[in-house]
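# A closer look at the structure
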Amino acid sequence: MSNQFARQLSLTSFPPNSQNLNSLCSNGQLREALVEMAVQGLEMKFEGYYMLLNECVNRRAFREGQRVHAHMTKTCYLPPMHLRTRLIVFYNNCECLNDAQRVLDEMPVRNVVSWTAMISAYSKRGYASEALNLFPQMLRSGTEPNEFTFATVLTSCTGGAWGFDLGRQIHSLIIKTNFESHIFVGSSLLDMYAKAGRIYEARGVFDCLPERDVVSCTAIISGYAQLGLDEEALELFRQLQREGMTSNYVTYASVLTALSGLAALDLGRQVHNHVLRCELHSYVVLQNSLIDMYSKCGNLSYSRRIFDSMPERTVISWNAMLVGYSKHGMGKEVVKLFKLMKEENKVKPDSVTFLAVLSGCSHGGMEDRGLEYFYEMAEGANGIEPELEHYGCVVDLLGRAGRVEEAFEFIKKMRFEPTAAIWGSLLGACRVHSNVEIGEFVGFRLLQIEPENAGNYVILSNLYASAGRWEDVRNVRELMVEKAVIKEPGRSWIELDQILHTFHASDRSHPRREEVSAKVKELSVKLKEAGYVPDLGCVLYDVDEEQKEKVLLGHSEKMALAFGLIATPEGVPVRVIKNLRICVDCHNFAKLVSKIYGREVSLRDKNRFHHIVGGTCSCGDYW
DNA sequence: ATAGGGTTAG
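Residues numbered from 1 in each chain as written. Chains lettered and ligands numbered in written order. Predicted model: local features only at pLDDT ≥ 70, side-chain atom pairs only at ≥ 80, totals over all residues. Heavy atoms only, no water.

### Considerations on the protein's contact with DNA strand B
Applicable threshold: Whether a residue is near a molecule or strand is decided by its heavy atoms; if any one of them lies within 4 Å of it, the residue is near. Each polar contact in these results corresponds to two N or O atoms within 3.5 Å; when the atoms are within protein, one needs to be able to donate a hydrogen and the other to accept it, and residues that are neighboring in sequence are counted only if both atoms are side-chain atoms. Only DSSP runs of H or I with at least four residues qualify as helices, and only runs of E with at least two residues qualify as strands; both kinds are numbered from the N terminus onward.
Not every one of the 48 residues close to DNA strand B is listed here, only the nearest: N248, Y249, V285, N288 and N319. Each atom of DNA strand B within 4 Å of the protein belongs either to a base or to sugar and phosphate, the latter forming 44%. At a separation of 2.8 Å, a base nitrogen of DNA strand B approaches a polar side-chain atom of N111. Separating a base oxygen of DNA strand B from a side-chain N or O atom of N288 is a distance of 2.4 Å. Of all the elements, helix α14 (residues 214-226) adds the most residues to the surface near DNA strand B, at seven residues.

This is the structure in structure tokens:
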């Protein structure tokens, strides 16, 4: 009765059916549109539902969308496929994957679009295995995938070995169905290869694309950057720029990742200026990248300035800043900033936050504070379960404080199987604090798990040497010669006028190599007068002492440092970057250089910064 | 009606 009355009313006062709904929806008057839906009752047209659902999707209006769904179920005997597909998208948007799946389950017929919408829903929410299960179901049902399906499903193949295997099978299907050169499919495909570490395959796909756009170019650049192939990323970026590539904020974020890795401050500043000119600087992602870039280039105050100027911050902003302080050994700043984060209470700390805080306490010599945070975490106060890496930080904390036995007990009680990294951290502590008893046990354990890592043999033999157990030193050396492989050759570099000067151990390739080795020799003579004693224990090979000293003087960081002294004016700080951990001998060497030549030396190694002033290092000689 | 690349940690 009232329905009929309403219909009469709507016929007299409004234009009939969807006309009115259309204007209400396009004015964003969702509530009024819902009233109109009720008024139209059984007369609702499919276009009307479509417009309403669209509005609910855009506004993430969950309750309203549910009402539309219920109304549709009541009035339509068989809702058409496109409306049901829109419902899948709607429920996904409201993070109700169960409801989305139910809509798919209730469809009497499905086509490629509805399947793809559901696969996309799972992959967007991070349910890779559900997405990957759905794909073969779709094939079995006889539905042919299209370019949308392939582009979508490949994004779920980046998780692990299982996903990659499936990804390769999907690749061959893509070749068979001739979608390989489709730009969306190609970008997704090359990204999958890059994330699996197969950069050559990724590049192959990229090179075969008949056309390129921002996304495909960014995908391949970031592929290199994510694998730590920073120079290649930078080189490709420059080349593609010459060829007229357009860039957007994602491109610059990826390039900044590469520049962070290279610690290329001048180039980083240049990108920053460019970002400002293009008015891209308000993207939070880009601000986060800039914070990270400045901190990894040694310029923490710039990072902080950007951080302070941000109107909105994500957890990544906080983490990047905390990691910055941590790597610079500024434990107090880490604690202060973490307090601020909690007080502000806008952004919840995540597991990376705690990694940064714990390792910040460790690098900053604040063991007790770090332990407090760990136990706070373990009690579940923050809703984050400590993971293996957090336990690793605690081993580091205890080891640094000389509490080696405690660290050993802690490892035994962990709910994880200790990894090589955990044992390695404890072995390092045993060496610094000369605990041969535990060190020997840990060392052998480590040689079992990781026999190919040369570094482990060196630390163990150093430990024996410090105890005067020369027979054992020799045995370890022999073992090493049999089994160890040096994975990554040592490499150091220094940036001068936007150019990176790279040196390898005993390098012969730099144009000024003669000058540089002469300078290293000169330095060593001067430093010896001031008490420098080469630490022959740092040499891997079994050669005579004179040879060992030569090997030490050939270390890449000494050459980069010497080059810095030659090529920059007196009094200017020298910034050296090394791809591995710095060795004890080079650390001593740099400390003496800073003292005798009155130069500040900033040395970034794989793990952290060493700020060396007047013969003292910010790491407190533990790293 | 359905689609691709990004920032912290390891």
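Okay, back to it.
### Focus: the sheet that holds strand β6 (residues 616-617)
Condition: In this scheme, strands are said to pair when DSSP sees at least two bridges between them.
The mixed open sheet is built from six strands, whose spatial order is β2-β1-β3-β4-β5-β6. A single partner strand is all that each edge strand has here, and the edge strands are β2 (499-504) and β6.

### Some words on the packing of aromatic side chains
The condition that has to hold: Working definition: a ring pair exists when centres of Phe, Tyr or Trp rings (six-membered ring for Trp) sit within 6.5 Å. Plane angles under 30 degrees give stacked, over 60 give edge-to-face, the rest tilted. Partly exposed describes any residue whose relative accessible area lies between the buried limit of under 20% and the exposed limit of over 50%, with all areas from a 1.4 Å probe on protein chains only and scaled to the type maximum.
Applying the stated rule across the entire model yields 23 aromatic pairs. Taking the centre distance of 5.7 Å and the plane angle of 55 degrees together, the rings of F150 and F179 count as tilted. Highlighted residues: F150 in helix α10 (residues 147-154) and F179 in the loop between α11 (161-176) and α12 (183-195), separated in sequence by 29 residues. Judged by its relative accessible area of 0%, F150 falls in the buried class. Of the residues examined, F179 reaches a relative accessible area of 19% and is grouped as buried.

### Quick notes on the environment of S466
Topologically, S466 is positioned in helix α28 (residues 454-466). Given a relative accessible area of 48%, S466 falls into the partly exposed group. When the C-alpha atoms of S466 and S434 are compared, they prove to be 7.2 Å apart, with 32 residues separating the residues in sequence.

### A few points about the layout of surface pockets
To be explicit about the condition: The way it works is a 1 Å grid over only the protein atoms, where trapped points that fit a 1.4 Å probe form a cavity and open points with protein on both sides within 12 Å along at least five of seven lines form a pocket, and then any residue with an atom within 4 Å of a point lines it. Grid points are joined across faces, edges and corners, and a volume is the space filled by probe spheres set on the points. Any residue that is not Ala, Val, Leu, Ile, Met, Phe, Trp, Tyr, Cys, Pro, Asp, Glu, Lys or Arg is counted as polar, Gly included; the first ten are nonpolar and the last four charged.
Of the volumes computed, that of the second largest pocket is approximately 840 Å³. As for the second largest pocket, its lining consists of 36 residues, and the residues nearest its centre are D230, S260, G261, K296 and R604. Put simply, the parts of the chain that give the lining of the second largest pocket at least two residues each are α15 (230-242), α16 (249-262), α18 (284-296), α20 (315-327) and β1 (491-496). Among the elements that make up the lining of the second largest pocket, the one with the highest residue count is α16 (six residues). Classifying every residue of the lining of the second largest pocket by side-chain character gives 12 nonpolar, 11 polar and 13 charged.

### Description of the domain arrangement of chain A
To keep things clear, this is the line we draw: Domain ranges listed in this record stem from an automatic or a database domain assignment.
Along its sequence, chain A is organised into domain 1 (1-109) and domain 2 (501-617). Domain 1 and domain 2 are separated by 72 Å when their C-alpha centres are compared.

### So, empty space enclosed by the protein
By the definition in use, this model includes one cavity of 30 Å³ or more. Volume-wise, the largest cavity comes out at about 40 Å³. As for the largest cavity, its lining consists of E557, K558, L561, V576, C586, F589, A590 and L603. Only α32 (556-567) and α33 (584-596) provide two or more residues apiece to the lining of the largest cavity.

### Some details on the nonpolar core
Nonpolar side chains in soluble globular proteins tend to end up buried together. The condition that has to hold: In these notes, a set of buried Ala, Val, Leu, Ile, Met, Phe, Trp, Tyr and Cys residues joined through side-chain atoms within 4.5 Å is what counts as a nonpolar core. The contact rule is simple, with two residues in contact once any of their heavy atoms fall within 4.5 Å.
Counting residues in hydrophobic clusters, the biggest one holds 155 residues, and the most contacted among them are L52, M118, I170, L259 and L426. Apart from residues no more than four positions distant in its own chain, L259 is found in contact with L234, A264, L267, G268, V271, M293 and C297. I494, L496, L523 and L561 belong to the second-largest nonpolar core, a separate cluster that totals 33 residues.

### A look at the environment of E243
Here E243 lies in the loop between α15 and α16. The partly exposed category is assigned to E243, whose relative accessible area is 49%. For the pair E243 and S509, spaced 266 residues apart in the sequence, the C-alpha separation amounts to 30 Å. At 3.1 Å, the side chain of E243 and the side chain of R212 are in polar contact.

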